[in-house]
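# Examination of the molecular architecture
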Amino acid sequence: MLRFLVAGFGAAILLLAGAATAGAVVITSLVSVLDGGRGLGWAPHPDQTAGGTEQFVEGPLTPPAGTGSLEMKVAEATDRAFIFFIPRPTTGATPPGSQGPFLPTPWGDLEGSSFSTFTADTAAPASSIPALKFVGYQQFNSNNPLLSSGFTTLNFEGANQGTVAANEWQTWTLGLDSLVWQTNQTEDPGFCPQAAPCT
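This section reports on the structure supplied with the text. Computed from a prediction, not measured in an experiment: that's the story for all the values here.

As a further point, take the side chain of Ser116. Here Ser116 lies in strand E7 (residues 114–118). One polar contact links Ser116 to Thr171, side chain to side chain, over a distance of 2.6 Å.

In structure tokens form, the structure reads like this:
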């Protein structure tokens, strides 16, 4: 099953990202931050707050891949639970050296990425499911990635795609018409901020 970098906000969160494919490796545990940076599995992100936790569990109900899921929780609404994964690792220093331990991918190649969510929060389900976040640069320097500018994250949230329902699995697929937003506005001021998502 494939999973992507996600960030959890709000109440109890359960996430299963992607679907199982023939021959796919089922992930049942997290790895260290260093191994996560090498592309060896999913790891807790250093930006996670002390109130954020995650663990693999069975269910709830029947997840899209038919078995367990990743449960993410936060103690307070101001806490964050993060996991991350390097989908296209390569050789290089960890943390990244001048070339970095990953291969860059254009935003357009992300079409078809998906993740599924489940929340038991009936009061505010839309605010209690995780977001799929892709790390990137607005101006990428392929000759020397360390000279890239406009670091940003492209955020794909289920709440921007449709109605979030409590106590059921919902799958969100990134497509050309999906609403996304970016975190950093320095290289492209005013373009696609959280308050005005764009496709």
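Okay, back to it.
Taken as a whole and assessed by the stated rule, the structure comprises 1 salt bridge. Two residues, Glu71 and Lys73, come together in a salt bridge whose shortest N-O distance is 3.9 Å. The class for Glu71 is buried, based on a relative accessible area of 15%. Judged by relative accessible area, Lys73 falls into the partly exposed class, the value being 36%.

Quick look at the environment of Asp121 now. Position of Asp121 among the secondary structure elements: in the loop between E7 and strand E8 (131–139). You can call Asp121 buried: its relative accessible area is 19%. In the structure, Asp121 is positioned 46 residues away from Asn167 in sequence and 7.7 Å away in space, judged by C-alpha atoms. Among the polar contacts made by the side chain of Asp121, one reaches the main-chain amide nitrogen of Ala123 at a distance of 3.0 Å.

What follows deals with the state of the cysteines. Under the counting rule described, the total for this entry stands at 1 disulfide. Between the sulfur atoms of Cys192 and its disulfide partner Cys198 the distance amounts to 2.0 Å. The sign of the -100° torsion about the S-S bond sets the Cys192-Cys198 disulfide as left-handed. Cys198 matches Cys192 in its accessibility class, with the two residues each being buried.

About the cut-offs
- Residues numbered from 1 in each chain as written.
- Predicted model: local features only at pLDDT ≥ 70, side-chain atom pairs only at ≥ 80, totals over all residues.
- Heavy atoms only, no water.
- Helix = DSSP H or I, 4+ residues; strand = E, 2+ residues; numbered from the N terminus.
- Polar contact = N/O pair within 3.5 Å; in protein donor to acceptor, adjacent residues only side chain to side chain.
- Salt bridge = Lys/Arg side-chain N within 4 Å of Asp/Glu carboxyl O.
- Buried < 20%, exposed > 50% of the residue type's maximum accessible area, 1.4 Å probe, protein only.
- Disulfide = S-S within 2.5 Å.

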